[in-house]
Amino acid sequence: MTLNRLGERAAMLWTFTVLLFCIRLSLGMTSIVMQSQPELWIETNYPQTPWENITLWCKSPSRISSKFLLLKDKTQMTWIRPSSKTFQVSFPIGALTKSNAGLYRCCYWKETGWSEPSKVLELEAPGQLPKPIFWIQAETYPLTGCNVNILCHGWLQDLVFMLFKEGYAEPVDYQIPTGTVAIFSIANMTPESEGVYICRTHIQMLPTLWSEPSNPLKLIVAGLYPKPTLTAYPGPIMAPGESLNLRCQAPIYGMTFALIRLEDLKKSFYRKRPIKNEAYFFFRALKIHDAGHYLCFYYDESYRGSLLSDILKIWVTDTFPKTWLLAQPSPVVQMGQNVSLWCRGPVDGVGLALYKKGEDKPLQLLDTTSIDDESFFLNNVTYSDAGIYSCHYLLSWKTSIRMTSHNTVELVVVDKPPKPSLSAWPSTMFKLRKAITLQHRVPHPVLEFSLEWEERATFQKFLVDGDFIISNAEGKGTETYSCSYRIEAHPNIWSDRSEPLKLMGPAGFLTWNYILNEAIRLSLIMQLVALLLVVLWIRWKCRRLRIREAWLLGTAQGVTMLFIVTALLCCDILPKPVISASPPIRGQKLQIRCKGWLAGMEFVLYKEGVQEPVQQLHAVGREAFFTIQRMEDKDEGNYSCRTHTEKRPFKWSEPSDPMELVIKEMYPKPFFKTWASPVVTPGARVTFNCSTPQQHMSFILYKDGSEIASSDRSWASPGASAAHFLIISVGTGDGGNYSCRYYDFAIWSEPSDPVELVVTEFYPKPTLLAHPGPVVLPGKNVTLRCQGAFQGMRFALLQEGTQVPLQFQSTSGNSADFLLHTVRAEDSGNYSCVYYETTMSNRGSHLSKPIMIWVTDTFPKPWLFAEPSSVVPMGQNVTLWCQGPVHGVGYILHKERETTSVQLWGSTSNDGAFPITNISGANIGRYSCCYHPDWTSPIKIQPSNTLELIVTGLLPKPSLLAQPGPIVAPGENMTFQCQGELPDSTFVLLKEGTQQPLEQQSPSGYRADFWMPAVRGDDSGVYSCVYYLDSAPFAASNHSDFLEIWVTDKPPKPSLSAWPSTMFKLGKDITLQCRGPLPGVEFVLEHDGEEAPQQFSEDGDFVINNVEGKGIGNYSCSYRLQAYPDIWSEPSDALELVGAAGPAAQECTVGNIVRSSLIVVVVVALGVVLAIEWKKWPRLRTRDSETDGRDQTIALEECNQEGEPATNTSSPSSVSQGTSVELPVPV
């Protein structure tokens, strides 16, 4: 097919237009990691019959699964439960016809529910391969000079992939990959590479069988035209629900314009073909997710693209982001000098206005064309310019967005900088061996402080922070002090001196008060040592006496602590507490923590410069928390706390070390999240993303308030700053509350919102139940109760498809209730829960078993089936299964013509199994089932399909025949004839491996004809039939004899074997045995090199001899049905016979016979000679012929004595003979 034909069908195709570019690298953005999908492909017995037997395979990407689901046209579903968990399963489709053509996808079961579906496979009518999928690789970018990879998925393996380009008749590239995907690479992109591309496939063995063309892909090369301008009307900051127009304007007319949203490149590609040189992209009702970074470009008819426009940030918010104001070089300005006020904010392209407190109108304005440096200049300042300034956004359009508070800057205009304040801590009175800290404070940044002694004008100290430590060694500290400072903007001008401050106290000598205190301290130390010895003695005594009760030891320890507390209180030396607080943030609540050392104390908070206590609290335990509801400038200062006893007269502790609270100007908080769900399993990979619109920032990651990682600003690329913190393999100790902050050289941001990282699989999994039930009417409420195994845990509710948990809840018990309020259809889905402890790194439990929530007014229809079949022999067992997509709901089984239900299955099981044991005639009938909720619900309930349960073995068996025969070619018609013995019967056709009957008929006679038109490959199998009387329905006969049906052009090939072996032996024949799967056939044997078949046989046995070596070679056999002599099976696999052959072999055989005969003769002769000699051996003959028999007897006895040395020599015969006579024995 050429591209001209493709143009004619353009209206029927979904045109993909793709523009990707190297902008991700320039903006520092990372590709979104999509969840892996299952893989779907086809297997078929091509090239002989590619569409006669199709099998679809579904493979999970990285895990084994127990269930797989095949979807067709979003309406039909096929389930497969393999016997064991596996990576892939097959779905047999059979021959491709119009009925099973359509769009296919598959899913696999995960722990949290069904996975994402696979890519869509389109099966069309026979004659064409399925249409491939065509897309561009996300990691490549079609910018000039870049390399681009285009992927084509063909669904079948070992195909030939062709890449076509519009305007070219021949393919521009082709590939033959080993898998189902081909990758076409376009190196070094040039303008000639742009255009429309398609992909097609064909079978390598059948080049005439082509696939449908893929959807066209437009490849545009950017950077050949000037960049356009992108503007927003009415403005870039809008409220949700308002309308927005984005205008893309170019210097060239008649171009096609496109708009891109960087946060979602795949879904935000819009095109406009205007008449003029501009295009408008209209948003009728903005939503929160429409916010983001937009840019546009344009291209001509040859797909030559322009440069990308500048990025335009669109804000969709209810509240304006905060601005902050800085004075440079300093907020303290000398008369006649210049100062610039820098106004900064996260929104670009919006005007700014400078306001002064007390004036209604803005002092200065900066529109969108003059805010490059975002600075307001005040030249030659006077005293009238002093005051409090603030900065606001200047909008030229109407919007409903609320304004937020802004920080202020106080501008001070002086001839000299104002004098500082000088204070002493903890007091102006020296104590023995104690130092005093002189604190110098001013409300603006200082370059350097100077401390001066009035008694010694020439003596000075210089510091940057303003804290001078004065000791009283030898009484030299008791003098009068004052201080001054200078600022960085005017380093040569010093401020006026502060008010003088006089320090007094003892000077290095002993006093009676000191001696008394030291004596008391020494006595207390001695008493504590004595008490310690008493405690140790008691411990030793208890162990020696083996007293197991600990009351004596506890009493001693209690007396000891009581003595210590009493001594401390009586002697007026309570230890000083410790004060701490988090960094203060303007406008937010702040808690000040004062930690004491004794329980049951009163806590008092002081502020420097205020005589009365700021707050007083009675603490539970050893610490108290003072709260400042809203931090403002007036709350800045030095704070300290003290503790005292409850009863009068109060015994006071020393004041804590002072803590200075200073509100620093802060950037807005960053956006902090995890790329995946924060609920992870051990060993998972977690990436934290901390980002801000500000540029060139450094980031810090916190866990439970402690800094654990930081990033350098050199990591950041131009544009918005972001940092990625990676945990490669999460452990149980990595859980906790994470947050982040960013900063530049002097200013920090507010802390981000925390993210709770929960590491699961440490505790047992909880149970999740829905109340009142998992099926809810739209607009109603449902409560999900998560029941854990431990108390005092924190619970989280998760929904499949969402990264962040929906709800969190902390409880003192072991369960938590999550309320889903006014549910809608989109709230349907799989829910699960987890619980975790907040004190030990958020160690969590296993995820609960997911529960499916349905938001509908009607229960989905269940399905009823029988296992192993609905046709069951008498006395056997059968199980009726009622199953549906709703879990946690009971099932009820109904039988026709019975008012009560047969069985009720509780909601605690998801199986819905109704077993029937030892089936009899009482069990036959029609069954149906439905859901049975155990709560009161107005939701409609639908009955399942009707199942007819038939019991066999009650009537004589019928006969079953197939016409025209058991072997049928695909596409032909076939008729099954089931012949019974009784009239007025209903006949049922069955197939082995199916749970339901194929067909039922009620003919008027004794026979039923089941017609099967246009049979396919999956119609092959083993068939049988039964019948039952209409007067006694479902009480059926025995099964007929099984009949095996083959749907094929050729019968299956037989097997060929040799007996006793494939090696000829001398004078022996070999029997070749040809066996086939069908009876009533005639076999034929073929020998390589023979034109005509060698032998015919009805039993399949062929005797082969090797006369003159003609028996060796390759043999094969085939068969034909005697009823169909024109249909031959495929030949069997070849079998080779080997052995001796030819005259040389015969001569060799004769020589072997002669040699064997000679060997036999020689062996026989030797045997005869040895036999004769053996017979001669026991006889002893003498040379004298007159020797009598007596001598021979004597010689024989001597011979026997020599042959049997163990024989007793004192026998009577030997004694009677006396001495023996030796006779010569012939040898």
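Residues numbered from 1 in each chain as written. Predicted model: local features only at pLDDT ≥ 70, side-chain atom pairs only at ≥ 80, totals over all residues. Heavy atoms only, no water.

Per an unreviewed UniProt entry, the chain carries the name Immunoglobulin superfamily member 1 and comes from Canis lupus familiaris.

With that settled, consider the overall build of the chain. Secondary structure summary: the chain contains seven helices and 90 strands in total. Sorting the 1227 residues of the chain into buried and exposed places 41% on the buried side. Taking the contacts inside the chain whose residues are at least 6 apart along the sequence as the reference set, 65% of them involve residues at least 24 apart. Accessible surface computed for the chain: about 66900 Å², of which carbon and sulfur atoms make up 55%. (Helix = DSSP H or I, 4+ residues; strand = E, 2+ residues; numbered from the N terminus. Buried < 20%, exposed > 50% of the residue type's maximum accessible area, 1.4 Å probe, protein only. Contact = heavy atoms within 4.5 Å. Areas by Shrake-Rupley, 256 points an atom, 1.4 Å probe, with all protein chains shown as cover.)

Take the sheet that holds strand 61 (residues 782-787) next. Pairing is antiparallel across the open sheet formed by three strands, whose spatial order is 59-61-64. The sheet is open, and its two borders are formed by strand 59 (767-771) and strand 64 (815-820), each paired with just one other strand. With strand direction ignored, the average angle separating the axes of adjacent strands in the sheet is 20 degrees. Across five bridges, the pairing between strand 59 and strand 61 is antiparallel. Note that in strand 61 the partner of H771 across the bridge is T783. (Pairing = 2+ DSSP bridges. Axes fitted to C-alpha atoms, helices over the stretch in contact; angles between N-to-C directions.)

Another point: the state of the cysteines. A full pass over the atoms with the stated rule returns 10 disulfides. Across the disulfide from C882 sits C929; the S-S distance is 2.0 Å. When the S-S torsion is 80 degrees, as for the bridge of C882 with C929, the disulfide is right-handed. Highlighted residues: C882 in strand 70 (residues 878-883) and C929 in strand 74 (residues 925-932), separated in sequence by 47 residues. The buried category is assigned to C882, whose relative accessible area is 0%. Shown here is the disulfide that connects C978 with C1025, its sulfur atoms set 2.1 Å apart. Handedness here is read from the sign of the S-S torsion; for C978 and C1025, about 80 degrees, the answer is right-handed. (Disulfide = S-S within 2.5 Å.)

Our next topic: the environment of N689. Locating N689 in the fold gives a position in strand 52 (residues 686-692). Through-space distance from the C-alpha of N689 to that of A723 is 5.9 Å; in sequence the pair is 34 residues apart. When neighbours within four sequence positions are excluded, N689 is seen to be in contact with F671, F672, K673, W675, A722, A723 and H724.

So, about the pairing of strand 30 (residues 351-356). Most of strand 30 sits inside the fold, with five of its six residues counted as buried. In this structure, strand 30 lies alongside strand 33 (residues 387-394), joined through six bridges in antiparallel fashion. Each residue of the ladder has a partner; that of A353, found in strand 33, is H392. Sheet topology places strand 30 next to strand 31 (residues 364-366); three bridges connect them, and they run antiparallel. Residue pairing in the sheet places A353 in a bridge with L365 of strand 31.

With that settled, consider the packing of aromatic side chains. Under the criterion given, the structure shown has 21 aromatic pairs. A centroid spacing of 4.4 Å and a plane angle of 20 degrees characterise the contact between Y743 and W748, whose relative ring orientation is stacked. Residue Y743 is classed as partly exposed on the basis of its relative accessible area, which comes to 21%. Look at W748 and you get partly exposed, because its relative accessible area is 30%. The lysine or arginine in question, K67, covers the ring of W109, its NZ or CZ lying 4.2 Å from the ring centre. Against the face of W315 rests K313, its NZ or CZ located 3.9 Å from the ring centre. (Phe/Tyr/Trp six-rings, centres within 6.5 Å; stacked < 30°, edge-to-face > 60°. Lys NZ or Arg CZ within 6 Å of the ring centre and 35° of its normal.)

In space, the three strands of this open sheet follow the order 35-36-39, with antiparallel pairing throughout. Each edge of the open sheet is held by one strand with a lone partner, namely strand 35 (421-425) and strand 39 (467-470). Direction aside, neighbouring strands of the sheet carry axes that sit 20 degrees apart on average. Direction of pairing for strand 36 (residues 436-441) relative to strand 39: antiparallel, over a ladder of four bridges. Within strand 39, the residue paired with Q439 across the bridge is D467.

The next thing to look at is the environment of S729. Note that S729 resides in the loop between strand 55 (721-727) and strand 56 (736-743). For S729, a relative accessible area of 48% gives the class partly exposed. Leaving out residues up to four positions away in the same chain, S729 has contacts with G683, A684 and D734.

A word on the pattern of salt bridges. If you walk through the whole model with that rule in mind, you get 21 salt bridges. Between K227 and D310 there is a salt bridge, with its nearest N and O atoms 2.8 Å apart. Pair noted here: K227 is in the loop between strand 17 (221-225) and strand 18 (229-233) and D310 is in the loop between strand 25 (304-306) and strand 26 (312-316), with a separation of 83 residues, a long-range link. In this structure K227 comes out as partly exposed when scored by relative accessible area, which is 42%. Residue E826 is joined to R824 by a salt bridge in which the shortest nitrogen-to-oxygen separation is 3.0 Å. Of the two residues, E826 and R824, neither departs from the other in class, the shared state being exposed. Each member of the salt-bridge network shares a partner with another, and the members are E896, R926 and E948. (Salt bridge = Lys/Arg side-chain N within 4 Å of Asp/Glu carboxyl O.)

A few words now on unusual backbone geometry. For the bond running from Y233 to P234, omega is 5 degrees, close enough to zero to count as cis. Note that the residue after H771, namely P772, is joined by a cis bond; omega there is 5 degrees. Considering the arrangement of structural elements, one finds P772 in the loop between strand 59 and strand 60 (775-776). In this structure, E761 is a non-glycine residue whose phi angle is positive, near 65 degrees. Residue position: E761 is located in strand 58 (residues 755-763).

Here we come to the pairing of strand 24 (residues 292-299). With seven of eight residues buried, strand 24 lies mostly within the body of the structure. Relative to strand 24, strand 21 (residues 256-261) runs antiparallel, the two sharing six bridges. Pairing of T256 across the sheet is with Y299, part of strand 24. Here three bridges tie strand 24 to strand 26, and the two strands are oriented antiparallel to one another. For Y294, the partnering residue across the bridge sits in strand 26 and is L312.

Let us now look at the side chain of S1129. Of note, S1129 is situated in the loop between strand 89 (1113-1121) and strand 90 (1135-1137). When residues no more than four places from it in sequence are discounted, the contact partners of S1129 are P1051, P1052, P1054, S1118 and Y1119.

Its relative accessible area of 40% is what places E761 among the partly exposed residues. Linking E761 and G844, residues 83 residues apart in sequence, is a C-alpha distance of 6.3 Å. When near neighbours in sequence (up to four residues on either side) are disregarded, E761 contacts T681, P682, G844, S845 and H846.

Turning next to the confidence of the model for the chain. Summary statistics for the chain give a mean pLDDT of 76 and a share of 77% for residues scoring 70 or more. Here helix 2 (residues 23-27) is the element of the chain with the lowest mean pLDDT, 33, and strand 61 is the one with the highest, 93. The low-confidence segment residues 507-511, where pLDDT is below 50, has three contacts with residues more than four positions distant or belonging to other chains. (pLDDT = per-residue confidence, 0-100.)

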